[in-house]
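# An overview of the molecular structure
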Amino acid sequence: MTIAKNLTDPTPRDLLFSLARSVLFELDPERAHDLSLSMMDQPLMQRWLARRYQTRNSMPAQNAVECMGLQFDNRIGLAAGLDKNGDHIDALGALGFGFLEVGTVTPRAQAGNSKPRLFRLSAHGALINRFGFNNKGVDHLVNRVEQRTWRGRLGINIGKNATTSLDDAEADYLHCFEKVAALADYVTINISSPNTQGLRDLQHGERLTSLLHAMKNAQSQLATRHGKHTPLAVKIAPDMNNAELDTFCAAVLESEIETVIIGNTTNSRSPVAEHLYARETGGMSGAPLQTLANDRLSAVAERLQGRTVLIGVGGVNSGTAAVEKRYRGADLVQLYTGLIFHGPALVRDCVRRTA
């Protein structure tokens, strides 16, 4: 499979954001990321963002959507990775998303991979990252979620610690699920990051089926304990071939997992092969991923035939791109890298186009 650069779709124009981006893009990418979120955490800034970019008032009640047995204000969500620790839920909630997904969180805090680990490919509208699930641990995230004031739909993305072997990975996922099930609207099992050694092996074979069954058993037990059913999603890599998707989708249907998220970042560098950072290890996200992510979304939709909720993510840089995800079978759409390059106006554009 190959992926092609696609920057031809119209992107929203926001002169104020463009000015801020020109300043932030002079900084190291990870420093710019942290600074932006810190600024957004200020209550005055949140109120201003909500007034300027809020989509709720432009979305009549009849345009709300039901998925996973939940009602969402709109179909557009924030993908996991931008707020790994749940530290910025109120700030990000001000941008008009129908749902947020925080994490990936692991049982124990971990520093992740060494810096530099985030690279901007501005000409391509892309990022390459090799963070490696850097986070403050699941207990910190639980505390932050409990303190949030934003009450939109919240997904929590969980993973395993880097020092946990694949044979013991199941215990890490179960530990996190038990901690967050009562607080999350849904929980995502992340088995597709390319930045934790061996993690993608969990997408296949006996390890996959064992993990999914264990999580579904825990889901039933936790529902009894909390009086609340917490849907499960599985996030997969866009690099899976058709044969791998055949076995993966069969396992999803057999275990009755509610949702599949397609997909994570890619190891491919085809559209950016000549770029200075093309040889950097890590997962690539953004506009160059669009064609591959859409192709894999269509492939999963064909195999699951509407029996599972699908969330499309990868290369969403315009309302047109969000509509394309819907056309290919996505019930909900997530974005992340597009927000970095195009700002909150992208959220509003995507919400309006997919209403």
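Model, not experiment: these values are computed from the prediction.

Rules used in this analysis
- Residues numbered from 1 in each chain as written.
- Predicted model: local features only at pLDDT ≥ 70, side-chain atom pairs only at ≥ 80, totals over all residues.
- Heavy atoms only, no water.
- Helix = DSSP H or I, 4+ residues; strand = E, 2+ residues; numbered from the N terminus.
- Rg over C-alpha atoms; globule rule 2.2 N^0.38 Å.
- Buried < 20%, exposed > 50% of the residue type's maximum accessible area, 1.4 Å probe, protein only.
- Contact = heavy atoms within 4.5 Å.
- Pairing = 2+ DSSP bridges.
- Axes fitted to C-alpha atoms, helices over the stretch in contact; angles between N-to-C directions.
- Salt bridge = Lys/Arg side-chain N within 4 Å of Asp/Glu carboxyl O.
- pLDDT = per-residue confidence, 0-100.
- Phe/Tyr/Trp six-rings, centres within 6.5 Å; stacked < 30°, edge-to-face > 60°.

### Structural notes on the overall build of the protein chain
- Looking only at helices and strands, the protein chain has twelve helices and 13 strands in total.
- The C-alpha atoms of the protein chain give a radius of gyration of 19 Å, which matches the 20 Å a tight globule of 355 residues would have.
- The dimensions of the protein chain, computed from C-alpha atoms along their principal axes, are 50 × 45 × 40 Å.
- Put simply, the protein chain has 355 residues, and 58% of those count as buried.
- Pairs at least 24 apart in sequence give 74% of the contacts found in the protein chain among residues at least 6 apart.

### Focus on the sheet that holds strand β11 (residues 283–286)
- One open sheet accounts for three strands, arranged β5-β6-β11; its pairing is antiparallel. This sheet does not close on itself; its edge strands, each paired only once, are β5 (118–121) and β11. For this sheet the average axis-to-axis angle between neighbouring strands, irrespective of direction, equals 20°.
- Pairing of strand β6 (residues 126–129) with β11 involves four bridges; the strand directions are antiparallel. Across the sheet, A126 pairs through a bridge with G286, a residue of β11.

### Notes on the sheet that holds strand β8 (residues 186–190)
- Pairing in this closed barrel of eight strands is parallel, and the strands run β3-β4-β7-β8-β9-β10-β12-β13 around the ring. Adjacent strand axes in the sheet meet at a mean angle of 25° when their direction is disregarded.
- Relative to strand β4 (residues 99–105), strand β3 (residues 76–78) runs parallel, the two being bridged by two bridges. If you follow L78 over to β4, its bridge partner there is L100.
- The sheet strands contacting helix α12 (residues 345–354) are β3 and β13 (332–335), and the helix crosses β3 at an angle near 150°.

### Observations regarding the pattern of salt bridges
- Per the stated rule, a full pass over the model turns up 15 salt bridges.
- For E258, the salt bridge is made with K216, and the minimal N-O distance between the two is 3.4 Å. Highlighted residues: E258 in the loop between α8 (242–255) and β10 (259–262) and K216 in helix α7 (residues 205–226), separated in sequence by 42 residues. Comparing E258 with K216, the two get one shared label, buried.
- Between D295 and R296 there is a salt bridge, with the nearest N and O atoms lying 2.8 Å from each other.
- Using a relative accessible area of 34% as the deciding quantity, one classes D295 as partly exposed.

### Describing the confidence of the model for the protein chain
- Here the protein chain averages 93 in pLDDT, and 94% of its residues register 70 or above.
- Predicted confidence is poor over residues 1–8, with pLDDT under 50, and the contacts of this stretch with residues over four places away or in other chains come to 29 contacts.

### A word on unusual backbone geometry
- For the peptide bond that leads from G103 to T104, omega is 15°, which places it in the cis range.
- Of note, the bond from I262 into G263 is cis; its omega dihedral lies within 30 degrees of zero at -10°.
- Of note, G263 is situated in the loop between β10 and β11.
- Located in the positive-phi region is F133, a residue other than glycine, with phi close to 55°.
- Inspection of the secondary structure assignment puts F133 in the loop between β6 and α5 (138–147).
- In this structure F133 comes out as buried when scored by relative accessible area, which is 5%.
- Residues other than glycine seldom take positive phi values, yet Q305 does so here, at roughly 50°.

### Observations concerning the packing of aromatic side chains
- Here the structure, examined in full by the defined rule, presents four aromatic pairs.
- Pairing F72 with F99 gives two aromatic rings, centres 5.2 Å apart and planes at 75°, and the pair type is edge-to-face. Within this pair, whereas F72 is found in strand β2 (residues 70–72), its partner F99 is found in strand β4, the two being separated by 27 residues in sequence.
- Under the relative-accessibility criterion, F72 is labelled buried at 0%.
- A relative accessible area of 0% places F99 in the buried class.
- Aromatic pair F99 and Y186: ring centres 6.3 Å apart, planes at 65°, arrangement edge-to-face.

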